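Topology and contacts: notes
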Amino acid sequence: MTATEKAPSKAAGKDSELTEMTWDPITRIVGSLGIYTKIDFKAKRVAECHSTSSIFRGYSIFMKGKDPRDAHFITSRICGICGDNHATCSVYNQNMAYGVRPPHLGEWIINLGESAEYMFDHNIFQENLVGVDYCERMVAETNPGVLERANATEAPHAADHGYRTIGDIMRSLNPLEGEFYREALQVSRSTREMFCLMEGRHVHPSTLYPGGVGTVATVQLFTDYLTRLMRYVEFMKRVVPMHDDLFDFMYEALPGYEEV
């Protein structure tokens, strides 16, 4: 991430002085996000902020003239992360165009696959992407005083998640080293397995078709899915109180943080 700063400029308010700052590209997201701001540092206020993404997908152009039956195979390859979502939407479009309706069991299988994808996204986003912003290493560098206070603050829900202090929570989120960070990666892997049980493979589903699915529905299939789902549920029983403790602490340690 890079930032550029321009000379201060006078704003509408006679006493305010705005500084233009830009962060572009922010490469944590696919598509290179750009953030453009005007900040009044004297008043500690962001006067203006907007974002852009330079990526161009181009579905509406490159799908013209293609056989509709190939839509879900083509669109799933636009992205190495969310291809299954595009494939599913393409199949839904085909179902509407052909006037067909999958059997109920086929719909359930698709829904279970996409549910596993949502679980994957929420988990990896919260624990492995957002969590880095609150890890010990990051806080030590940006707010050492906050880390010192975190180390001395007991976690209210320690009995639920297993970390005695807020500082312990922060240490567990250190990328590649923290205990909770690594555990979350394993949980993400399990959700991918859940997806593959229902839709064949990820990121390009192999059992999705207009009018139904190619997945063979067996008791063993759903048992394998349920076993992993229950592990995820048990993990969430620790995740929720842990984040409650961490974020409640941040609100208290940094007045005004709720506006972030």
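Everything below is about the structure printed above this text.
Residues numbered from 1 in each chain as written. Predicted model: local features only at pLDDT ≥ 70, side-chain atom pairs only at ≥ 80, totals over all residues. Heavy atoms only, no water.

Re the nonpolar core
- Counting residues in hydrophobic clusters, the biggest one holds 33 residues, and the most contacted among them are Ile166, Ile169, Met170 and Phe249.
- Those elements that provide at least two residues to this core are helix H4 (104-130), helix H6 (144-151), helix H8 (166-172), helix H9 (179-199) and helix H10 (219-253).
- Here this core takes 10 residues from H10, the largest share from any one element. (Core = buried A, V, L, I, M, F, W, Y, C linked by side-chain atoms within 4.5 Å. Buried < 20%, exposed > 50% of the residue type's maximum accessible area, 1.4 Å probe, protein only. Helix = DSSP H or I, 4+ residues; strand = E, 2+ residues; numbered from the N terminus.)

A closer look at the side chain of Asn95
- One can find Asn95 in helix H3 (residues 83-98).
- Exposure remark for Asn95: the relative accessible area of 7% places this residue in the buried category.

Regarding the packing of aromatic side chains
- Tallying each qualifying case throughout the model produces 4 aromatic pairs.
- Ring geometry for Tyr134 and Phe247: centres 5.1 Å apart, planes at 70°, overall edge-to-face. Taken together, the residues Tyr134 in the loop between H4 and helix H5 (136-142) and Phe247 in helix H10 connect sequence positions 113 residues apart.
- Residue class for Tyr134 comes out buried when judged on its relative accessible area of 13%.
- Centroid distance Phe180 to Phe235: 5.2 Å. Interplanar angle 20°. Geometry classified as stacked. Here Phe235 lies in helix H10 and Phe180 lies in helix H9, a separation of 55 residues in the sequence.
- One aromatic cluster is present, formed by Tyr163, Phe180 and Phe235 through successive ring pairs.
- Sitting over the ring of Phe120, Arg192 keeps its end group 3.4 Å from the ring centre. (Phe/Tyr/Trp six-rings, centres within 6.5 Å; stacked < 30°, edge-to-face > 60°. Lys NZ or Arg CZ within 6 Å of the ring centre and 35° of its normal.)

Details of H3
- Look at H3: 22 Å from first C-alpha to last across 16 residues, which is about the 22 Å you get at 1.5 Å a residue.
- Buried within H3 are the following residues: Gly83, Asp84, Ala87, Thr88, Ser90, Val91, Gln94 and Asn95. In a view along the axis of H3, the buried residues occupy a sector of 160°, so they form one face of it. Turned more than 90 degrees away from the buried face of H3, the exposed residues are Met96 and Ala97.
- Packed against the buried residues of H3 are helix H2 (71-75), H4, H9 and strand S6 (208-209).
- Immediately beyond the C-terminal end of H3, within one or two residues, lies Gly99, with a positive phi of roughly 70°. (Expected span 1.5 Å × (residues − 1). Arc of directions from axis to C-beta. Contact = heavy atoms within 4.5 Å.)

Some details on unusual backbone geometry
- Across the junction of Asp24 and Pro25, the peptide omega takes the value 5°, indicating a cis bond.
- Mapped onto the elements, Pro25 comes out in strand S3 (residues 17-26).
- Phi angles above zero are rare outside glycine, and Lys44 is one such case at about 50°.
- Along the chain, Lys44 falls in the loop between strand S4 (33-40) and strand S5 (45-53).
- Of note, the phi angle at Leu176 is positive, near 70°, even though the residue is not glycine.

Looking at the pairing of S4
- When S3 meets S4, the two strands line up antiparallel, connected through 6 bridges. Each bridged residue has a counterpart across the sheet, and for Glu20 the counterpart in S4 is Lys38.
- Pairing analysis gives 8 bridges linking S4 to S5, with the strands arranged antiparallel. Of the residues in S5, the one forming a bridge with Lys38 is Glu48.
- The loop that links S4 with its antiparallel partner S5 comprises 4 residues; one of these, Lys44, has a positive phi angle of about 50°. (Pairing = 2+ DSSP bridges.)

Digging into H6
- Restricting attention to buried positions, one finds in H6 the residues Val146, Leu147 and Ala150. What you see down the axis of H6 is that its buried residues fit within an arc of 100°, all on one side. Among the exposed residues of H6, those oriented more than 90 degrees off its buried face are Pro144 and Glu148.
- Buried residues along H6 sit in contact with H5, H8 and H10.

Side note on the pattern of salt bridges
- For the structure shown, the criterion picks out 12 salt bridges.
- Measuring nitrogen to oxygen at the nearest pair gives 2.7 Å for the salt bridge that ties Glu183 to Arg238. You can see Glu183 sitting in helix H9 and its partner Arg238 sitting in helix H10, a full 55 residues away along the chain.
- Within this structure, Glu136, Asp168 and Arg171 form a network of salt bridges that share partners. (Salt bridge = Lys/Arg side-chain N within 4 Å of Asp/Glu carboxyl O.)

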